Structure formats: C-alpha cells, structure tokens
Amino acid sequence: MNKRRPYVRSMDGWWRKNPFFVEYMIHEGTALFVAAYAGILLNGLLHLSRGEAAWNAWLDGLKNPWYVAFHMLALVAIGYHTYTWFKIMPRTMPPVIVGGKRLADGAITGGGLAVAAAASLALLAAVWGMAR
Amino acid sequence: MKAIRKRSNAPIFWALFGAGGMLSALLGPMLVFITGIAVPLGLLLPADTMSYANMLAFSQNLIGKGFIFAVIALFLWHAAHRIFHSLHDIGIHAGTAAKLICYGGAMLGTLIAAYALLAIGF
C-alpha cells in the first residue's frame, strides 16, 4: 500500500456546473453521431460489395423506425456540428487580414455557413440529377 | 550524418480531424437526410435513388469511389480524434491504449472501406 495519498479532485459532473462547458461537451459529443453514421455507411458499403440481395436487405433495414429516428437525431447533432464548426472557426484558423483589417468573426462564421448551405443544396441537386 | 530529429505525429491526426470536420460540416447533415430519412421514407427523391444498379454504378465510378472513401474515412478520423481528446474530460485517462482504440478503429474502418471499394471493382 502506498503511504502517500495525494488528494485527487473528483471530476464528477465538472462540466455541468458551467453553461460554457455544457455547450462544449455537446459539440464534442456530436463526434459520436459522426462516428455512428460513418459506421452505418461502411456497413452499407460492405453490403453493396456482396451483391444485390445483400444491398437490398441493408436498404430495407434503413426503413426500420428506430433507424429513421436515429437518423433524425443524427441530423440534428451533425447540423449542430456544422453550426459550431463555423462558429469556432474564427479561433481555429489563422487570422485573415483584408485591407489591413482583421476579418470579423461574424464574416467568417457567416461565410462558412453560407458555403455549407450552398454545398448541401448542390449535393441534393447532384443526387436528384443522378437518380432520375 | 545528420541526426534525425524526432518529430511529432500530431499534425497528421490534426489534419485528418480538420478535413473530416470540414467535410462533415459541409455535407454531413444533407447526407444523413438523403440516406437516412429521404430515401427510406420515400420523400422528395426518386424511388430508385439508392437502388442497387444506381449505387453500384456510383461506386464503380472513380469520382464516386473517391467520394465514398473520403466520406467514410474522414468522418471516422474526425470522430476518433475528437473522442480521443474528450476522454480526459469525462475522466478517462487518454493513454496509449485509448489512442490505439480510437485511431486504430478509424484505421480499421478506413482499410475495410478501401477493401470493399476495391472488391466492388471499376
């Protein structure tokens, strides 16, 4: 038995005491949904490589209400990831100097969200165009 | 002979995290909507959007292959890095074992995706 008994502060619920860290834990937590969604796609890809019957079985599985509910939750979580990704971008990227002035935080966040919206619409249009 | 300096491998993981974070921020919500909600519920998009013929053709196309690989692999590396660095926050020691599980999982998923895409053929 070790004679030294250093005090180790408990970490129980430390982040729940401060709204800043609650938000931080939620936006870090979106990674769980990104990982799960990548896992679902990877599973689908494996089924695709095993032929038509396997693919159709996987595609049918997606109609399960639990799967649909999960995807709705994932849509909210990853949508929140999009928002926070561009919200913290002014602090995660090097300062951009335009005309001798630092580009405003709002311009970086707003620009990023506008690009995300445009990219999403372009993706939807591309899928729609390819499918018909 | 010059001594080889030990360099950090952090920038590699950071770059993969950033690339995956950007890709999932730009396209993640719409991808989830298309594959997980619109197609299973038959909303908005044509009924055969994700039919076997369509998806096989997409995954045999070089651009389609690259897109599928980038989405799966980068999403996994993004999530692995973020989860690894959040372990300390929830009171789990982020040591070598945790690193191996997080990044090893992403690496395994990347290899499986590459294998499946090669098995599908060109």
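Residues numbered from 1 in each chain as written. Chains lettered and ligands numbered in written order. Predicted model: local features only at pLDDT ≥ 70, side-chain atom pairs only at ≥ 80, totals over all residues. Heavy atoms only, no water.

A. Broad picture of the domain arrangement of chain A. Assigned domains of chain A: these are domain 1 (15-70) and domain 2 (88-132). Each of domain 1 of chain A and domain 2 of chain A has a C-alpha centre, and the two are 24 Å apart. (Domains from an automatic or database assignment.)

B. Structural detail: the side chain of Ser120 of chain A. Topologically, Ser120 of chain A is positioned in helix α5 (residues 105-131). Classification of Ser120 of chain A by relative accessible area gives buried; the value is 12%. The residues contacting Ser120 of chain A, other than those within four sequence positions of it, are Leu26, Leu27 and Met30 of chain B. (Helix = DSSP H or I, 4+ residues; strand = E, 2+ residues; numbered from the N terminus. Buried < 20%, exposed > 50% of the residue type's maximum accessible area, 1.4 Å probe, protein only. Contact = heavy atoms within 4.5 Å.)

C. Here's a closer look at the interface of chain B and chain A. Counting residues at the interface gives 55 residues for chain B and 50 residues for chain A. Between chain B and chain A, roughly 4,600 Å² of surface is buried when both sides are summed, and carbon and sulfur atoms account for 80% of that area. Taken as a group, Tyr52, Arg82 and Asp89 of chain B account for 15% of the area that chain B buries against chain A, more than any other trio of residues on that side. Counting across the chain B and chain A interface gives one salt bridge. Its salt-bridge partner being Arg82 of chain B, residue Glu28 of chain A comes within 3.3 Å of it at the nearest N-O pair. Put simply, chain B and chain A have 13 residue pairs in polar contact (both at pLDDT 80 or more) between them. Of the residues forming the side of chain B that touches chain A, the biggest block, 20 residues, is contributed by helix α1 (residues 10-41) of chain B. (Buried area = accessible area lost by both parts, 1.4 Å probe. Salt bridge = Lys/Arg side-chain N within 4 Å of Asp/Glu carboxyl O. Polar contact = N/O pair within 3.5 Å; in protein donor to acceptor, adjacent residues only side chain to side chain.)

D. Up close: the pattern of salt bridges. All names here are of chain A. As enumerated under the stated definition, the model contains two salt bridges over all chains in all. Close ionic contact of Lys63 with Asp60 constitutes a salt bridge, the shortest N to O distance being 3.4 Å. Residue Lys63 is classed as partly exposed on the basis of its relative accessible area, which comes to 47%.

E. Spotlight on the packing of aromatic side chains. Applying the stated criterion to the full structure yields 13 aromatic pairs over all chains. Arranged with centres 5.9 Å apart and planes meeting at 20 degrees, the rings of Phe33 of chain A and Phe70 of chain A form a pair that is stacked. Remark: Phe70 of chain A occurs in helix α3 (residues 65-87) and Phe33 of chain A occurs in helix α1 (residues 19-49); sequence separation between them is 37 residues. Residue classification places Phe33 of chain A among the partly exposed residues on the basis of a relative accessible area of 21%. Ring centres of Trp14 of chain B and Phe17 of chain B lie 5.3 Å apart, and the angle between their planes is 35 degrees; this geometry places the pair in the tilted category. With Trp14 of chain B and Phe17 of chain B both in helix α1, this residue pair falls three residues apart, about one helical turn. Exposure remark for Trp14 of chain B: the relative accessible area of 48% places this residue in the partly exposed category. Taken together, Phe13, Trp77, Phe84 and Tyr103 of chain B form an aromatic cluster joined through their ring pairs. The aromatic ring of Trp15 of chain A is capped on one face by Arg16 of chain A, whose charged end is 5.1 Å from the ring centroid. Seen from the ring of Phe122 of chain B, Lys65 of chain B lies directly overhead, with NZ or CZ sitting 4.7 Å from the centre. (Phe/Tyr/Trp six-rings, centres within 6.5 Å; stacked < 30°, edge-to-face > 60°. Lys NZ or Arg CZ within 6 Å of the ring centre and 35° of its normal.)

F. Spatial organisation of the packing of α1 of chain A against α3 of chain A. Residues and elements named next belong to chain A. With their axes 8 Å apart at the nearest point, α1 and α3 run at an angle of 130 degrees to one another. In terms of their interaxial angle, α1 and α3 are classed as oblique. The two elements α1 and α3 meet at a crossing, and its hand is left-handed. For the pair α1 and α3, contact is made by Glu23, Ile26, His27, Thr30, Phe33, Val34, Ala36, Tyr37 and Ile40 and by Tyr67, Phe70, His71, Leu73, Ala74, Ala77, Ile78, Tyr80, His81 and Thr84, respectively. (Axes fitted to C-alpha atoms, helices over the stretch in contact; angles between N-to-C directions. Parallel < 35°, antiparallel > 145°, perpendicular 65-115°, else oblique. Left-handed = near helix turned anticlockwise from the far one by under 90°.)

G. Region of interest: the environment of Ala94 of chain B. All names here are of chain B. For Ala94, the position within the fold is in the loop between α3 (62-86) and α4 (96-120). On the accessibility criterion, Ala94 (32% relative accessible area) is partly exposed. Apart from residues lying up to four places away in sequence, Ala94 is in contact with Phe84 and Leu87.

H. The arrangement of a nonpolar patch on the surface in detail. Taken together, Met72 of chain A together with Leu41, Leu43 and Leu44 of chain B make up a surface patch of nonpolar side chains, about 380 Å² in accessible area. With respect to the secondary-structure elements, Leu41 of chain B resides in helix α1. For Leu41 of chain B, a relative accessible area of 43% puts it in the partly exposed group. (Patch = residues over 30% accessible without salt bridge, like charges linked within 9 Å, V, L, I, M, F, W, Y side chains within 5 Å. Areas by Shrake-Rupley, 256 points an atom, 1.4 Å probe, with all protein chains shown as cover.)

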